[in-house]
Structure formats: structure tokens, C-alpha cells
Amino acid sequence: MQKNAYFHGLTVPLMLLLPQLAITIVFFYWPASQAVWQSFLLEDAFGTSTQFVWFENYTTLFADPGYLRAFINTAIFSTFVCVFSLSLALLFAVMADRQIRGAEAYKTLLIWPYAVAPAVAGVLWIFMFDPSLGMLARGLQSLGIAWNPRLNGNDAMLLVIMAATWKQISYNFLFFLAGLQSIPKSVIEAAVIDGARPVRRFWTIVFPLLSPTTFFLLVVNIVYVFFDTFGIIDTMTGGGPSGATETLVYKVYSDGKGGSNLGGSAAQSVVLLVMVIAMTAIQFRFIERRVSY
């Protein structure tokens, strides 16, 4: 078999890889190494004086009840956002994949939320569900539901879950729809001839063929809820009320910027990075076995 392209030396391949390697080193490895080093330091808010304290920042961090609360909030938030965004996106993709009138318009409308910035999405949802100004909030109050995300932590958590889910559905929908359209129609037609009903066809044929797409989106969504939801939480609740919606990534920001605890904030970022890497590795190690390529 003849190769399509070949190089006589290493100079050209290295030059082609150099821009990507430079971006990765400058914007990922260098900041990560700085965070690891800073997590072993105790310094003032202006960074003028530092003291090497070994693992003191980590021991203080894990003894902090607020950090445990942020960990629980992150677990609840990430679980519900991943489950709801993936389930609803898959449902919408299955519906949009059918031969119906106006399907292209539906697809376009479902894709639009992906173009909205997280902070803007947070503002939109807080306007709709604000207890004083929001139209939907007034509707809930007229039904006798005591809705107030400013004071009730459960209402605030529910609100940020809905906003983060709405923001991510479009991304998941795009990939699920592409996966559905790549499934050979002959396989579905053979199942129809064999007498398989729509529900059985979906769970025994369609969904297994979508397993690579589902696995990819699971990894992406976990990274999304751990990092990219910061703007939503910041604009909607600011981690409140009383830390009810303070996730791990938001606590890194609030302790570093608001509390001027630079060493503790760096330690939190290192722990968060290790958690995401470990979860991704576990997914590739165990969940990928169930994926059929």
C-alpha cells in the first residue's frame, strides 16, 4: 500500500506541529505548572511576599467545611446537567431526524442557544425567573409556589441547573443529530421488516450505534459542567444564597479574587484539574468498553 504523503526528514513535521505545541505549552502547561507551584506557597494579596509552606494549603483546604459543601454542590449540579442535557438533546435529535414538515426550521431553532454566551444565558434566565420582575416567576407565585432563588438555596440550584442544561442542549443536539443521520437506513428498514417496533428499534439498534457519540458527549459535558458553567453561576446567583450554588470552579474564583487567598485558590484549581483528569481516565478505562465502534 502506497502512502499518500511522506517526509524526507523531521524538519517539516516538527514545523507543522510547532504552532499547536506552542499554544498548548503557553496556554495550558505553563499556567498549570504555575498553579501547582503557587499551591505550595503562602503569599499576600499583592504577591509581594511569599513563603513556601509545603502542603499546608491542601490540609487547610480539605478541613474547610465550605469546600466540602462546594464539592457536594458540584456533584449534584454536574449530575443533573449531564443527565438532562444529554437526554433532552437525544429526544430532540430523534424528533428532528424524522421526515416532518419544517424540520429544517426546528433544527435551526434548536441550534441557536449554542451561540449564546454563558453570561448572557444566565441573564436571560434570571430575568425570566426573577421573583420581582420575571414573568415565569410571577406565574409560579400565582399558582401558590413560593419561588424565590434569592433566598431559597434549592430554588437557586434548580435555576442554574435549568440554565446550564438549556445552554448545553444545542451542542449535544448537533452531535446526536449527526450520529442519527450517519446510521444506514438499510439497518432500520431491515428491523422494520422483521417486525421490530419503534421503541425496540431505538434501544436495540439506534442507541447502540450512537454509543461513540454518547461517550464523546459524556466526556465533553463533564468538562462543561466543571469549567464552562462559571459564567452562568456568576451572573445568576454569585454562588449564593449562602453558598448553595457555589461549585468547585466558582470557589476557586471567589477565594482567589474575593478572599485574596491565592495559595488556597491555586490548591483548589490543582485538585479540580486532577479530579477532571481522573474522571476522564475512568471513563476511557471502563465506560469505553461498552462503546461499539
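Everything here concerns the structure above.
Keep in mind it's a predicted model, so treat the numbers as computed, not measured. (Residues numbered from 1 in each chain as written. Predicted model: local features only at pLDDT ≥ 70, side-chain atom pairs only at ≥ 80, totals over all residues. Heavy atoms only, no water.)

> I'd love a proper account of the overall build of the chain, names of residues and values included.
Secondary structure assignment for the chain yields 13 helices and 2 strands. When the backbone C-alpha atoms are referred to their principal axes, the chain occupies close to 75 × 75 × 30 Å. In the chain, which comprises 293 residues, the share counted as buried stands at 39%. Counting contacts in the chain only where the partners sit at least 6 residues apart, residues at least 24 apart contribute 67% of the total. In the chain, 17 positive and 15 negative side-chain charges are present, and the distance between their average locations comes to 14 Å. (Helix = DSSP H or I, 4+ residues; strand = E, 2+ residues; numbered from the N terminus. Buried < 20%, exposed > 50% of the residue type's maximum accessible area, 1.4 Å probe, protein only. Contact = heavy atoms within 4.5 Å. Lys, Arg positive; Asp, Glu negative; His and termini not counted. Charge placed at Lys NZ, Arg CZ, Asp CG, Glu CD.)

> Can you explain a nonpolar patch on the surface? Please cite residues and give values.
A surface patch of nonpolar side chains, about 1,100 Å² in accessible area, is lined by Leu10, Leu14, Leu17, Leu21, Ile23, Ile25, Val26, Phe27, Phe28 and Tyr29. By the secondary structure assignment, leucine 17 is in helix 1 (residues 11-38). (Patch = residues over 30% accessible without salt bridge, like charges linked within 9 Å, V, L, I, M, F, W, Y side chains within 5 Å. Areas by Shrake-Rupley, 256 points an atom, 1.4 Å probe, with all protein chains shown as cover. Salt bridge = Lys/Arg side-chain N within 4 Å of Asp/Glu carboxyl O.)

> Could you give an account of the nonpolar core, with specific residues and numbers?
One finds Phe77, Val81, Leu159, Val225, Phe226, Met236 and Leu248 to be the most contacted residues of the largest nonpolar core, which totals 34 residues. For this core, the secondary-structure elements that each account for two or more residues are helix 2 (56-62), helix 3 (65-96), helix 5 (118-129), helix 7 (153-181), helix 10 (211-228), helix 11 (230-236), helix 12 (248-258) and helix 13 (262-286). The residues contacting leucine 248, other than those within four sequence positions of it, are Tyr67, Ala70, Phe71, Thr74, Phe226, Gln268, Leu272 and Met275. Leu86, Ala89, Leu210 and Leu217 belong to the second largest nonpolar core, which has 16 residues in total. (Core = buried A, V, L, I, M, F, W, Y, C linked by side-chain atoms within 4.5 Å.)

> So what about helix 7? Which residues, and what values?
For helix 7, with 29 residues, the first-to-last C-alpha span of 42 Å sits near the 42 Å given by 1.5 Å per residue. At isoleucine 169, helix 7 shows its maximal kink, close to 30°. (Expected span 1.5 Å × (residues − 1). Bend = angle between axes of the 7 residues up to and from the residue.)

> Which residues make up the packing of aromatic side chains, and what values do they have?
Applying the stated criterion across every chain, the model contains 18 aromatic pairs. Both rings, one in phenylalanine 28 and one in tyrosine 29, keep their centres 5.0 Å apart while their planes meet at 80°; by these two values the pair is edge-to-face. One aromatic cluster is present, formed by Tyr114, Tyr171, Phe175 and Phe216 through successive ring pairs. (Phe/Tyr/Trp six-rings, centres within 6.5 Å; stacked < 30°, edge-to-face > 60°.)

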